[in-house]
Amino acid sequence: MFLSQTQAFPIVVLFFFCSAFLFLFVLRTERWHPETPADLQQEFQSSPEFEWEDRREKTKKASSLDLQSLAPLTATRHPLEVVYSKDYNFLINEPDKCQKRNPFLVLLVVTKPQDFVERQAIRHTWGNESLVAGVSILRLFLTGVHPVFGSQLQNLLEEESSTHKDIIQQDFLDTYNNLTLKTLMGMEWISKFCPNATYVIKADADIFLNVNYTVSQLLQPHQSPKKAYMTGYIYRNAKPFRSKAYKWYVPWEVYPNDTYPPYCAGPGYVFSGDLAQKIYQVAHTIRVINMEDVFMGICLYELGISVTDSPWGLFNMDKISYEKCKFSKLVFVHHFGPQELLQIWPDFQDQKKICKN
Ligand SMILES: *[C@@H]1O[C@H](CO)[C@@H](O)[C@H](O)[C@H]1NC(C)=O
Ligand SMILES: *[C@@H]1O[C@H](CO)[C@@H](O)[C@H](O)[C@H]1NC(C)=O
Ligand SMILES: *[C@@H]1O[C@H](CO)[C@@H](O)[C@H](O)[C@H]1NC(C)=O
Ligand SMILES: *[C@@H]1O[C@H](CO)[C@@H](O)[C@H](O)[C@H]1NC(C)=O
Ligand SMILES: *[C@@H]1O[C@H](CO)[C@@H](O)[C@H](O)[C@H]1NC(C)=O
C-alpha cells in the first residue's frame, strides 16, 4: 500500500460509513414501499438519484414548526426547486484567510462531508497551495450536512478542519440536488471574506487539475487581471433533460425555457474574482435550479456577461489515460479518483522528465 497512516484512518471511517449507509438505504426503501402513495412511489423508483421528503413528513414537520411560512411553499414548490430565499449559516468557516494576502487563485473544491480520502489526496496532489512558486494559491473544500449522518460526521469534520483549516460548511443538506447551494456558498465566501482573489476555480473532487498550467498559461499572473471572465468546457444550446430517468432531470416548473444559456461544465470552471459577488447577488433575485453549472450560466445571462472560449482540449470531460507530457498541457481531466491521483502525482511532478513543446 502507498497510503500512509494518516490516510488509512479516513479509509476505515469511510468504510464504516459506507456500510452503515448501505444498510440504512436498504432499510429505507423497504420501509417506503407499502407506505408511499402510488405516484410518489413511482417517482422514487424511476429516479433513485432524487432525494426529497415524503410530502406527509413535510406536513407533519410544518405543523410543529411555522405553519404559515411553510404552507404556501409546500403547495407550490417543486421538490427539485432549490431553496435560496435567504443565506444559509456557516457551521465551519475560515473568515480570516484573506486578511493578510490577496490570493491569485482560490481553489473551491466541492466535496461531500464523508469525502475524507478525496480531500486528503487533493491536499497532497493538485490542491497543494505551494505548487506554483511565487503565486499565492488558496485551497478550500466546500461541504454541506450529510442527510443521514450529519451529527455523527460533524466531529470528524471539525477535527479535520482544525488540522487543515481548509474546509467551509453551511447548514444545508448535502445532496446531489443541492449542489447549487454549495457553489453559491463558495460565491458568498469569496464575496464576503476574499473579494481580493484575482481568480477562482470551482473544481469537483474527481478530477485531475493542472494548477501550474492554469496559472502560467491560461491566467498569466504578469498580465493585467481579466474581469467578468469565466471559461471552461462550454456547452451551448443545451436542452434541459425532461425525463425523470436522468440524473440531470430538470422539470418545467423549475426551468421553463427550451434551452439553457451557454455555461461551463461543472467539473472545473475558472472565473475572475469579481464575478463571485455579482453571481452571489443575482442568485438571490432569480429562481435557483438544481444543476449548479447551468445555474452559473443563467446567472451570467442575467448579468449580461458571456462565457469566454478557451483553446480546445484544455478542459477534458472524458477520461484520458495519464501521460505526463499530455497532462502538462491541459487544465483538467475528469474522472480521477484519489488513489489514481496519488499514483500519478510523483511522475507528474518529476522535474527530470522534460516535455518538448
Ligand atoms: C482582502 O479583503 C478582505 C475583505 O474585504 C480584507 O479584510 C483584507 O484586508 C483584504 N486583504 C488584503 C491583503 O488587502
Ligand atoms: C507541497 O509542495 C511543496 C513544494 O513542492 C512540497 O515541499 C510539500 O511537501 C507539498 N505538500 C504536500 C502536502 O504534499
Ligand atoms: C436542500 O437543503 C435544504 C436545507 O437543508 C433542505 O431543506 C432541502 O430538502 C434540500 N433539498 C434537497 C433536494 O435535498
Ligand atoms: C510550471 O509551468 C511553467 C511554465 O509552463 C514551467 O516552466 C514549469 O516547469 C512548470 N512547473 C512545474 C512544477 O511543473
Ligand atoms: C427564457 O425565455 C424567456 C421568454 O422567451 C426570456 O425572456 C428569458 O430571457 C429566457 N431566460 C433564459 C435564462 O434564457
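Thresholds applied
Residues numbered from 1 in each chain as written. Chains lettered and ligands numbered in written order. Predicted model: local features only at pLDDT ≥ 70, side-chain atom pairs only at ≥ 80, totals over all residues. Heavy atoms only, no water. Helix = DSSP H or I, 4+ residues; strand = E, 2+ residues; numbered from the N terminus. Buried < 20%, exposed > 50% of the residue type's maximum accessible area, 1.4 Å probe, protein only. Contact = heavy atoms within 4.5 Å. Areas by Shrake-Rupley, 256 points an atom, 1.4 Å probe, with all protein chains shown as cover. Pairing = 2+ DSSP bridges. Axes fitted to C-alpha atoms, helices over the stretch in contact; angles between N-to-C directions. Near = heavy atom within 4 Å. Polar contact = N/O pair within 3.5 Å; in protein donor to acceptor, adjacent residues only side chain to side chain. Nonpolar A, V, L, I, M, F, W, Y, C, P; charged D, E, K, R; others polar.

1. Looking at the overall build of the protein
1) Next: A tally of regular secondary structure across the protein gives twelve helices and twelve strands.
2) Next: Residue burial in the protein is summarised as follows: out of 357 residues, 49% are buried.
3) Next: Within the protein, contacts between residues at least 6 apart in sequence are counted, and of these 77% link residues at least 24 apart.
4) Next: Of the roughly 18000 Å² of accessible surface on the protein, a fraction of 55% belongs to carbon and sulfur atoms.

2. Focus: the sheet that holds strand 3 (residues 137-145)
1) Next: An order of 1-4-3-2-5-10-7 is seen for the seven strands of this open sheet, with the pairing classed as mixed. The open sheet is flanked by strand 1 (90-92) and strand 7 (230-231), the only strands paired with a single partner.
2) Next: Examined bridge by bridge, strand 2 (residues 105-110) and strand 5 (residues 199-204) share six bridges and lie parallel to one another. Directly across from V106, in strand 5, lies its bridge partner V200.
3) Next: Relative to strand 3, helix 5 (residues 116-124) is tilted by about 175°, and along the sheet it contacts strand 2, strand 3 and strand 4 (167-173).

3. Structural notes on the site of ligand 1
1) Next: The immediate surroundings of ligand 1 are formed by C98, Q99, K100, R101, N102, P195 and N196.
2) Next: One of the side-chain N or O atoms of N196 is found 2.3 Å from an oxygen atom in ligand 1.
3) Next: In the complex, the protein chains occlude 59% of the 360 Å² of accessible area that ligand 1 would expose alone.
4) Next: Looking at the shell around ligand 1 residue by residue, the classes come out as two nonpolar, three polar and two charged.

4. Remarks on the environment of H146
1) Next: As for its position among the elements, H146 is in the loop between strand 3 and helix 6 (150-164).
2) Next: Measuring from C-alpha to C-alpha, the distance between H146 and P113 comes to 6.2 Å, with 33 residues separating the pair along the chain.
3) Next: At 2.9 Å, the side chain of H146 forms a polar contact with the backbone nitrogen of V148.
4) Next: Among the polar contacts listed, one links the side chain of H146 to the backbone nitrogen of F149, at a separation of 2.8 Å.

5. Quick notes on unusual backbone geometry
1) Next: One non-glycine residue, K165, adopts positive backbone phi at about 50°.
2) Next: Structurally, the position occupied by K165 is in the loop between helix 6 and strand 4.
3) Next: Backbone geometry at A228 places phi at a positive 45°, although glycine is not the residue there.
4) Next: Structurally, A228 is set in the loop between helix 8 (211-219) and strand 7.

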